[in-house]
Amino acid sequence: MRKAALHNLGCKVNAYETEAMEQLLEAAGYEIVGFEEKADVYVINTCSVTNVADKKSRQMLHRAKAKNPDAVVVAAGCYVQAAADKLREDAAVDLIIGNNRKADLVPLLDAWFAGKEIKESITDLAGSNEYEKLHIKKQAEHTRAFIKVQDGCNQFCSYCIIPYTRGRVRSRRPEDVEEEVKILAEEGYKEIVLTGIHLTSYGIDFKDEGIDFLTLIKRLHAIDGIERIRFGSLEPRVITETFAEELSKLPKICPHFHLSLQSGCDDTLKRMNRHYTCEEYAERCAILRKYFENPAITTDVIVGFPGETEEDFEETMDVVRKVRYDSAFTFQYSRRTGTPAAAMEDQIPVDVVKDRFDRLLAEVQEISREVTARHTHTVQEVLVESINEQDPSLVTGRMSNNTLVHFKGDASLIGTLQNVYLDECRGFYYMGTPVENN
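For the structure given in this document, a descriptive report is provided here. (Residues numbered from 1 in each chain as written. Predicted model: local features only at pLDDT ≥ 70, side-chain atom pairs only at ≥ 80, totals over all residues. Heavy atoms only, no water.)

## Some thoughts on the pattern of salt bridges
Consideration 1: Tallying each qualifying case throughout the model produces 40 salt bridges.
Consideration 2: Between E26 and K138 there is a salt bridge, with the nearest N and O atoms lying 3.5 Å from each other. Taken together, the positions of E26 in helix α1 (residues 12–27) and K138 in the loop between β6 (120–121) and β7 (144–151) put the pair 112 residues apart, joining distant regions of the chain.
Consideration 3: A residue is classified by how much of its surface remains accessible, and E26, at 33% relative accessible area, is partly exposed.
Consideration 4: One salt-bridge network, in which partners are shared between bridges, spans E17, K102, K148, D151, R166 and R170. (Salt bridge = Lys/Arg side-chain N within 4 Å of Asp/Glu carboxyl O. Helix = DSSP H or I, 4+ residues; strand = E, 2+ residues; numbered from the N terminus. Buried < 20%, exposed > 50% of the residue type's maximum accessible area, 1.4 Å probe, protein only.)

## So, helix α10 (residues 278–291)
Consideration 1: Helix length check: α10, at 14 residues, gives a terminal C-alpha distance of 21 Å against a target of 20 Å (1.5 Å per residue), a fit within 8%.
Consideration 2: Taken together, the buried positions of α10 are C278, Y281, R284, C285, I287 and L288.
Consideration 3: Packed against the buried residues of α10 are α8 (241–248), β12 (256–259), α9 (266–272), β13 (296–303) and α11 (310–323). (Expected span 1.5 Å × (residues − 1). Contact = heavy atoms within 4.5 Å.)

## A look at the nonpolar core
Consideration 1: Formed by 73 residues in total, the largest nonpolar core has its most connected members in I147, L194, F231 and L247.
Consideration 2: With 6 residues, helix α12 (residues 350–372) is the largest single contributor of residues to this core.
Consideration 3: If we skip the residues at most four places from it in the chain, L247 touches L214, I217, F231, I253, F257 and F292.
Consideration 4: Grouped together as the second largest cluster of nonpolar side chains are 21 residues, C47, Y79, V93 and I96 included. (Core = buried A, V, L, I, M, F, W, Y, C linked by side-chain atoms within 4.5 Å.)

## As for the sheet that holds strand β14 (residues 327–332)
Consideration 1: Here we have 4 strands laid out as an open sheet, ordered β11-β12-β13-β14, and parallel in their pairing. Strand pairing shows two members of the sheet lacking a second neighbour, β11 (233–234) and β14, which therefore form its edges.
Consideration 2: Pairing between β13 and β14: 6 bridges, direction parallel. Counted as the bridge partner of I302 is F331 from β14. (Pairing = 2+ DSSP bridges.)

## Concerning the environment of G338
Consideration 1: Mapped onto the elements of the fold, G338 is located in the loop between β14 and α12.
Consideration 2: For G338 and Y164, which are 174 residues apart along the polypeptide, the C-alpha to C-alpha distance reads 9.3 Å.

## So, the pairing of strand β19 (residues 429–434)
Consideration 1: When strand β17 (residues 404–408) meets β19, the two strands line up parallel, connected through 3 bridges. Of the residues in β19, the one forming a bridge with L404 is Y429.
Consideration 2: Looking at chain direction, strand β18 (residues 417–425) and β19 are connected through 5 bridges and run antiparallel. Directly across from L422, in β19, lies its bridge partner G432.
Consideration 3: Between β18 and β19, which pair antiparallel in sequence order, lie 3 residues; one of them, G427, sits at a positive phi of approximately 90°.

## Looking at the packing of helix α7 (residues 213–221) against α8
Consideration 1: Look at α7 against α8: their axes get within 11 Å of each other, and the N-to-C directions meet at 0°. Looking at the two axes, α7 sits roughly parallel to α8. Across the interface between the two elements, F213, L214, I217 and K218 from α7 touch F243, E246 and L247 from α8.
Consideration 2: Among the residues making up the contact of α7 with α8, the classes are represented as 5 nonpolar, no polar and 2 charged. (Axes fitted to C-alpha atoms, helices over the stretch in contact; angles between N-to-C directions. Parallel < 35°, antiparallel > 145°, perpendicular 65-115°, else oblique. Nonpolar A, V, L, I, M, F, W, Y, C, P; charged D, E, K, R; others polar.)

## Re the side chain of R144
Consideration 1: Mapped onto the fold, R144 is located in strand β7.
Consideration 2: At 3.4 Å, the side chain of R144 and the side chain of E191 are in polar contact.
Consideration 3: Once residues within four sequence positions are removed from consideration, R144 is found in contact with Q139, Y189, E191, V193, R230, E385, R398 and N402. (Polar contact = N/O pair within 3.5 Å; in protein donor to acceptor, adjacent residues only side chain to side chain.)

## Notes on the sheet that holds strand β16 (residues 394–399)
Consideration 1: Read once around its circumference, the closed barrel built from 5 strands follows the order β15-β16-β17-β19-β18, with strand pairing classed as mixed. The mean inter-strand angle of the sheet, taken between neighbouring strand axes irrespective of direction, is 50°.
Consideration 2: Here strand β15 (residues 379–387) pairs with β18 via 5 bridges, running antiparallel. Bridge assignment links E381 to a residue of β18, and that residue is N419.

## Notes on the pairing of strand β10 (residues 228–231)
Consideration 1: Burial along β10 is two-sided: the residues R228 and R230 and I229 and F231 are all buried.
Consideration 2: Looking at chain direction, strand β9 (residues 191–196) and β10 are connected through 4 bridges and run parallel. Within β10, the residue paired with V193 across the bridge is R230.
Consideration 3: Regarding topology, α7 serves as the crossover connection from β9 to the parallel β10, and that connection is right-handed. (Right-handed = clockwise from strand over helix to strand, strands pointing away.)

Right, dumping it as structure tokens:
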């Protein structure tokens with residue numbers, strides 16, 4: 001039995017595809033081992049979202065070959081799409097598999113071990129409308145499952161390489177998603193998280209059939225055994241009165257909405273090729289708060305985008321203060337080769353970007369501590385995920401708004417929903433006491 005080790009870099013979509021490739025290898029008779037172990041096959045699902053991600057991808061490929069020079073090293077994913085020519089010449093890499101071709105992994109390995117001269121499976125995604133059929137029956141997380149329902153992006157934000165490495169929008173058939181979610185529900189998963197490269201584009205290729213993102217959500221909501229449905233990142237413009245009102249009628253929907261802001265300055269948003277204004281963004285947040293009580297709103301913010309002035313940055317700070325996010329992923333602008341933003345004038349000096357980043361992060365964290373504490377001394381339903389890493393007498397679970405809670409318990413509670421009294425908020429998590437479940 002050959003041994004295979006996999007390593008994932010990048011987003012939740014990549015993580016889903018890595019899990020799917022692992023299960024393909026298992027079904028083909030491979031023994032799956034940890035990446036630090038000696039294996040016959042190493043699969044690195046690469047990322048290319050930044051130049052740093054490219055570098056990490058190369059490093060992991062070379063690290064794999066160093067572990068076992070006789071092993072087959074497979075490069076898969078976004079970095080393959082961005083740098084196929086370099087990888088063809090890289091002595092550390094034996095096979096390259098692009099996006100939308102990860103299901104070819106086992107046949108490619110079969111051909112390799114049979115001595116055939118087949119070393120790659122790459123397709124030009126620019127004009128492809130094919131959705132790659134990958135499935136999972138389990139995931140490393142035992143209480144919630146990330147479900148890929150969409151691939152590709154048509155947005156072309158000026159700082160982003162992903163539309164070039166993932167291609168145009170392609171949606172997964174709703175009946176295929178339903179089938180996978182039913183299997184996961186039977187396996188005991190209580191929560192699903194819908195993910196995609198541009199999630200809210202789901203269904204634009206099914207318009208003639210009357211299928212859209214809300215249609216998919218409602219179909220998944222009807223599946224027995226699933227208690228929670230959570231979303232990955234949402235395009236702000238999807239939050240309309242109708243959409244929010246319809247979601248609010250579905251009790252399994254987690255009141256946790258990740259709306260990417262990126263900048264609080266309209267001029268910067270235009271240069272980023274983001275298709276909304278700060279006023280429109282604020283209106284979307286207000287709509288969510290109209291239909292959901294205390295929804296958790298989270299976001300992404302980039303500081304130091306080319307041309308950003310101190311006044312522009314202060315506008316971003318103003319939006320952060322007004323919206324009052326539960327949490328925010330903050331990033332220093334990274335110049336990504338191959339994107340329009342990389343060629344823009346007025347690139348911001350590194351020390352200025354760092355200063356703005358530090359100020360933004362301090363503001364975000366202070367607001368987050370205040371906002372998170374709003375549920376103190378209430379009883380909340382918590383999905384137990386694991387034994388606490390620091391204290392084995394505690395378990396760790398997650399509220400529907402995504403806040404972590406630690407309380408007394410044992411492994412028998414993992415995967416169950418428990419009512420917990422929230423005694424104390426400690427910044428970004430709670431300490432609680434279990435109460436009698438009804």
